[in-house]
Amino acid sequence: MVLTATLALYAGQAAAQPSNAAPSDLTVRLGDTVAMVINDQPVRFRLTPDAVSVPTVNADLAARVGLKPSMIGYVYLIGPVRIALRTDNVKYIAGSKSFKSRTAFSDRQVVDGADGVAGPATFPFRRTIFVLRDPQPRDRAITFRLNKDMGLSQTGMKIDVGGKPVYVAFSLDRAESVVTATGGQWISDANGGRFNGDAREAPILYDISRPIRRLDLDRPLMLGELEIRNLAVRVSDMGNAEGIPDGAKSDQDLDEIVVTADSKRKVPSQRLYIGMDTIGHCASLTYDFDAGTVTLMCPDQPSAAAKG
């Protein structure tokens, strides 16, 4: 019998299991990839703060390193697109240390310019550091607590919007910040929002694009002291969004990962991906998993007028 559950529920099987203590820090500069070894084959991963935490590799890499499907798999829904992913628990080498991690693959190429994609919590490092630029004297720490409710689906924080939780991850690959439809409705209700302009296609995940519309707010949406700039909402179809929907229909993408396991828990579906128009002035993002925090090193945020 095949049962469905959220990805967060097979954390014990999917999380990286170190056989030796891995190096304390994993540091990657913006635009670079990370070299590792899988099953004695060299691979390069693209690390992004908003990636799913289960390492996911391209179809050609899966064939090259000999990944074999286990009984554990999951389906990722992106709008009408269903991506069926299989997993294999495989040996990794990072530097001089080795560990095992359950790794996902499908018949798709999920990332360009690398063999696979992974999030900041994917591999067993104490800290993952994204370097956006060299440090400057006016940089200072802005620290947020990581929220464990996101499970293995993503790594990030939680903000309260009108008494409702919206889960937040940073994105280094887009200028705008993008929120799922119902989360956009909550933000619009709480901050006085209205659509501005027509829908346009924007990449979401795994090289798949979906329509978004810009949302202008009467009152700024804040993440701590940072104003979230250039906010857009995912809408169901091009040219078919007179207003922000109250919620997804049963056959729509709920931003939920479904796996073959048994569970009573559901991954929270309302997600906000904060883009570079909000954090592009920062020098680095540090995910400290011992402390349970993510720290941005930034000068004061430029004024909205200065950003244009």
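Residues numbered from 1 in each chain as written. Predicted model: local features only at pLDDT ≥ 70, side-chain atom pairs only at ≥ 80, totals over all residues. Heavy atoms only, no water.

Enquirer: Describe the pattern of salt bridges, and please don't skip the residues or the numbers.
Expert: Considering all chains together, one arrives at 14 salt bridges under this definition. Among the salt bridges present, the one from Asp139 reaches Arg133, with a minimum N-O distance of 2.8 Å. When sorted by exposure, Asp139 lands in the same class as Arg133, which is buried. A salt bridge links Glu176 to Arg174; the nearest nitrogen and oxygen atoms lie 3.3 Å apart. Exposure class is identical for Glu176 and Arg174. Each is buried. Members of the salt-bridge network, linked through shared partners, are Asp25, Arg126, Arg127 and Asp288. (Salt bridge = Lys/Arg side-chain N within 4 Å of Asp/Glu carboxyl O. Buried < 20%, exposed > 50% of the residue type's maximum accessible area, 1.4 Å probe, protein only.)

Enquirer: Describe in detail the pairing of strand S11 (residues 127–131), supporting the description with residues and values.
Expert: Burial runs high along S11: four of the five residues are buried. Bridging between strand S3 (residues 25–29) and S11 involves five bridges; their strand directions are parallel. Looking across to S11, one finds that Val28 is bridged to Phe130. The sheet contact formed by S11 and strand S23 (residues 284–288) spans five bridges and is antiparallel. The residue bridging Arg127 from the neighbouring strand is Asp288, located in S23. (Helix = DSSP H or I, 4+ residues; strand = E, 2+ residues; numbered from the N terminus. Pairing = 2+ DSSP bridges.)

Enquirer: Before we move on, can you summarise the sheet that holds strand S12 (residues 140–145) with the specific residues and values?
Expert: Overall, mixed pairing links the five strands, which are arranged S3-S11-S23-S24-S12 in an open sheet. Unpaired on one side and paired on the other, S3 and S12 mark the two borders of the sheet. Strand-to-strand twist in this sheet, taken as the mean axis angle between neighbours without regard to direction, amounts to 15°. (Axes fitted to C-alpha atoms, helices over the stretch in contact; angles between N-to-C directions.)

Enquirer: Give a description of the sheet that holds strand S17 (residues 208–217) that names residues and reports values.
Expert: Ordered in space as S13-S14-S22-S15-S20-S17-S16, the seven strands form an open sheet in which the pairing is mixed. Edge positions in the open sheet fall to strand S13 (157–161) and strand S16 (193–205), since each of these has one partner strand only. The average angle at which neighbouring strand axes cross in this sheet is 30°, direction not considered. Where strand S15 (residues 177–179) meets strand S20 (residues 231–234), three bridges bridge the pair, whose relative direction is parallel. Counterpart to Val178 in the pairing with S20 is Ala232. Set on the sheet, helix H3 (residues 181–191) makes contact with S13, strand S14 (164–170), S15, S16, S17 and S20; between it and S17 the angle comes to about 5°. (Contact = heavy atoms within 4.5 Å.)

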